[in-house]
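Descriptive structure summary
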Amino acid sequence: MTERVLIVAAHADDEALGCGGTIARHADDGDSVEVVFLADGVSSRGDRALAARHASAEKACKILGANVPRFFDFPDQRLDSAGLLPVVQTLEPVIARIQPTIIYTHHGGDLNLDHRIVHQAVMTALRPMPASTYKAIYAFEVASSTEWASSAIGEAFRPDRFVSIESTIERKIEALQAYDQEMRDFPHARSYAALRALATLRGASVGLVAAEGFVTLRSVVR
């Protein structure tokens, strides 16, 4: 059975950082993968930067095998000022149209406020209902954000699901190259070398060559 996969991310590049290898695996398995970006990520940089970020996201999604992404362009780092309700109301028709079976989104204990609000919005929009179609909701980590949070913000990211990306890590790196302007030099956590090291660490922790880790937010067997 093929899956209908929905990735809900705050900013373009979060999807590649958090679950790029897993997206590619879903695509390879014949699953349909939809990606939604809620915040623009570049509000302070002008219209040209926004157009470039959209183009980068479309390129990255194509590399990974996802469908053309949807952008809602809430102001970057100001989702709190937009309010939770408008973000939830933006997501609900998307969910109703796609009827996803698997959802990936941000971890609730992330340092980045936009990431936390997206997490909350997803969990609100996907509150359990008799007509719900999903089987699982998973949280991904975003290097240089999730691991920088303190215990005052929320629970630390402790993955309980690991997906081998040994066969897709090069496509994850290629997708990240579409966002090269957002990448940093090693030893920054958002560098190519650090992300390869993270994949090695997540993989080795469960006996795999390379993996992405996720926290199970909800799992439903119908």
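The paragraphs below set out a description of the structure included in this document. Computed from a predicted model, the values in this text were never measured in an experiment.

Okay, the packing of helix α1 (residues 14–28) against helix α6 (residues 169–177) next. Orientation of α1 relative to α6, taken along the N-to-C sense of each, is 125°, at an axis distance of 8 Å. It follows from the interaxial angle that α1 and α6 lie oblique. The two elements α1 and α6 meet at a crossing, and its hand is right-handed. Here Ala16, Leu17, Gly18, Cys19, Gly20, Gly21, Ala24 and Asp28 of α1 come into contact with α6, specifically with Arg171, Lys172, Ala175 and Leu176. When the residues that make up the contact of α1 with α6 are grouped by side-chain class, the tally is 6 nonpolar, 3 polar and 3 charged.

This brings us to α6. Turn by turn, an α-helix covers 3.6 residues, leaving residues three or four places apart pointing in a common direction. Ile169, Lys172, Ile173, Ala175 and Leu176 are the residues of α6 that are buried. Burial along α6 is one-sided: seen end-on, the buried residues are contained in an arc of 160°.

What follows concerns unusual backbone geometry. Along the chain, Phe186 connects to Pro187 via a cis peptide bond; the corresponding omega equals 20°. The residue Pro187 is located in the loop between α6 and α7 (192–204) in this model. Unusually for a residue other than glycine, Asp73 sits at a positive phi of about 55°. Structurally, the position occupied by Asp73 is in strand β3 (residues 70–74). Among the residues examined, Asp73 registers a relative accessible area of 29% and is labelled partly exposed. The backbone phi angle of Ser144 is positive, close to 75°, even though this residue is not glycine. Of note, Ser144 is situated in the loop between β5 (136–140) and β6 (161–164). We classify Ser144 as buried; its relative accessible area is 9%.

Criteria and thresholds
Residues numbered from 1 in each chain as written. Predicted model: local features only at pLDDT ≥ 70, side-chain atom pairs only at ≥ 80, totals over all residues. Heavy atoms only, no water. Axes fitted to C-alpha atoms, helices over the stretch in contact; angles between N-to-C directions. Helix = DSSP H or I, 4+ residues; strand = E, 2+ residues; numbered from the N terminus. Parallel < 35°, antiparallel > 145°, perpendicular 65-115°, else oblique. Left-handed = near helix turned anticlockwise from the far one by under 90°. Contact = heavy atoms within 4.5 Å. Nonpolar A, V, L, I, M, F, W, Y, C, P; charged D, E, K, R; others polar. Buried < 20%, exposed > 50% of the residue type's maximum accessible area, 1.4 Å probe, protein only. Arc of directions from axis to C-beta.

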